[in-house]
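What follows is each chain in one-letter form.
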Amino acid sequence: MRHIGYVRTVDEVRGQWRWLAVVLGIAVLVATPSVIERLPVAASDIGAAELLSRVQSSTAAPYSGYAQAVGGVTLPVTDGLGGLPDLLGDTTTLRAWYRAPDSFRVDTVRLAGERGLYRSPALLWRWDYEQNTAVATPVPEPNLCLPREADLLPPELGQRLFSEATTDEVTRLPTRRIAGRDAPGLRLVPAESQSTITEVDVWADPDSGLPLQVDVLAGGAARPVVSTAFLDFSSEMPDADTVRFVPPPGTDVQQQDGLDIASFADGIDSPLLPSTLSELDLRDRDEPGSVGIYGRGVTELIAAPLPRRAARGLVDQLRAAPGAVVTGDSVALSIGPLNVLITEPAGDRRRYLLSGTVTAETLATAAQKLEGAAT
């Protein structure tokens, strides 16, 4: 995905009332589910295969709602990763209005203010209330980019993780009451032995198939590494004016190309990657790029060439991180279900960043093949 700011003059008092309303609204939304969830839950006779089909077919369904995502992983490396550490290791509060894949709005609610993401057919706007800045990025965006807050919404995360699941990988879970709805559950256990994800649980709206709660579990974890759920949810079509962004007077409006470390690496001139790594197949992409994505669904390995000048700095960061494993001039690190490895310089002095929800052994085998192919 896949704020409206307020002028501080005569409207200052109105803005103060607005924040009071936000605080009270959050308190009500947090308290209400605890009452609703005590009501009896109606069992569902929908089968696992049918529920999977509805989840996979829900990408165009409209919705709005208030959700919270809790991450259970702390990243020891932060430079150049944007907001990724916060997404995996913190609590993210989101309010979303989704009309279509090219028409939506997602607000990230924080104590200091709001950040908004507005998508229209022509532009992607990022609005920061606290900084009073609005950044416009032309669409389509780069093929690859780092995750953002909107990717933690239950529909976004659930649809992505279950998009390539097969019927023999899923089983039914008991129905839960989520955001006032009786939501049948579905468990995905990946078939690939290379995966570090042990299971993904989703509870979905039975009519639209939209995921309402998603829990991602990994081996050895005491709690989900990521858990996201709606506290308030509607499947009605949001109003078009709600998702339309017009910069408020006095806003610092900026233009950007949308490139981050992931999209920058995708544009590096590097040798072609092999068709398989660690028995995982290279995925076809709509447009060519230097970054390779291997595997499917919750079992993914990403191979990205590193800029030579930036590689050393990232290697030094990983070396200093707790639990880092240094072998020769390569370095590896396990972060919950994520494994990261930077290869030794190959014959052309190129290093690769290997990462994904695959085992450390899987990355090590992939590194050996990449290092050998470049010599």
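Predicted model only: the values in this text are computed from it and were never measured.

Caption draft 1: Local environment of the pairing of strand β1 (residues 63–71). With seven of nine residues buried, β1 lies mostly within the body of the structure. Of the strand pairs in this sheet, β1 and strand β11 (residues 226–234) are connected by eight bridges, and their pairing is antiparallel. Of the residues in β11, the one forming a bridge with Ser 64 is Ser 234.

Caption draft 2: Layout of the sheet that holds strand β8 (residues 181–188). Reading across the sheet, the twelve strands line up as β7-β8-β9-β10-β11-β1-β2-β3-β4-β5-β6-β12 and stay open at both edges, with mixed pairing between neighbours. Of all the strands in the sheet, the pair left with one neighbour each is β7 (170–178) and β12 (252–255). Neighbour to neighbour, the strand axes of the sheet diverge by 15° on average, direction disregarded. Contacting β1, β2 (91–100), β7, β8, β9 (197–204), β10 (211–218) and β11, helix α4 (residues 154–162) crosses the sheet at an angle of about 55° to β10.

Caption draft 3: The arrangement of the pattern of salt bridges in detail. Applying the stated criterion to the full structure yields 15 salt bridges. For the salt bridge of Asp 241 with Arg 244, the shortest nitrogen-to-oxygen distance reads 2.3 Å. The class of Asp 241 is exposed, set by a relative accessible area of 55%. Judged by its relative accessible area of 45%, Arg 244 is partly exposed. When salt bridges that share partners are traced, they join Arg 160, Glu 164, Arg 283 and Glu 300 into one network.

Caption draft 4: Summary view of the packing of aromatic side chains. Counted by the stated rule, this structure contains eight aromatic pairs. Seen in terms of ring centroids, Tyr 63 and Phe 233 are 6.4 Å apart; in terms of plane orientation they differ by 20°. Their pairing is stacked. Highlighted residues: Tyr 63 in strand β1 and Phe 233 in strand β11, separated in sequence by 170 residues. With respect to class, Tyr 63 is no different from Phe 233; both count as buried. Plain terms: the ring middles of Phe 230 and Phe 233 are 5.1 Å apart, the flat faces sit at 50° to each other, and that makes the pair tilted. Residue classification places Phe 233 among the buried positions, given a relative accessible area of 8%. By way of ring pairs, the aromatic residues Tyr 63, Tyr 98, Phe 104, Phe 230 and Phe 233 are connected into one cluster. When the ring centre of Trp 97 is taken as reference, the NZ or CZ atom of Arg 105 above it lies at 4.4 Å. Positioned over the ring face of Trp 203 is Arg 176, at 3.9 Å from the centre of the ring.

Cut-offs used in this document
Residues numbered from 1 in each chain as written. Predicted model: local features only at pLDDT ≥ 70, side-chain atom pairs only at ≥ 80, totals over all residues. Heavy atoms only, no water. Buried < 20%, exposed > 50% of the residue type's maximum accessible area, 1.4 Å probe, protein only. Helix = DSSP H or I, 4+ residues; strand = E, 2+ residues; numbered from the N terminus. Pairing = 2+ DSSP bridges. Axes fitted to C-alpha atoms, helices over the stretch in contact; angles between N-to-C directions. Contact = heavy atoms within 4.5 Å. Salt bridge = Lys/Arg side-chain N within 4 Å of Asp/Glu carboxyl O. Phe/Tyr/Trp six-rings, centres within 6.5 Å; stacked < 30°, edge-to-face > 60°. Lys NZ or Arg CZ within 6 Å of the ring centre and 35° of its normal.

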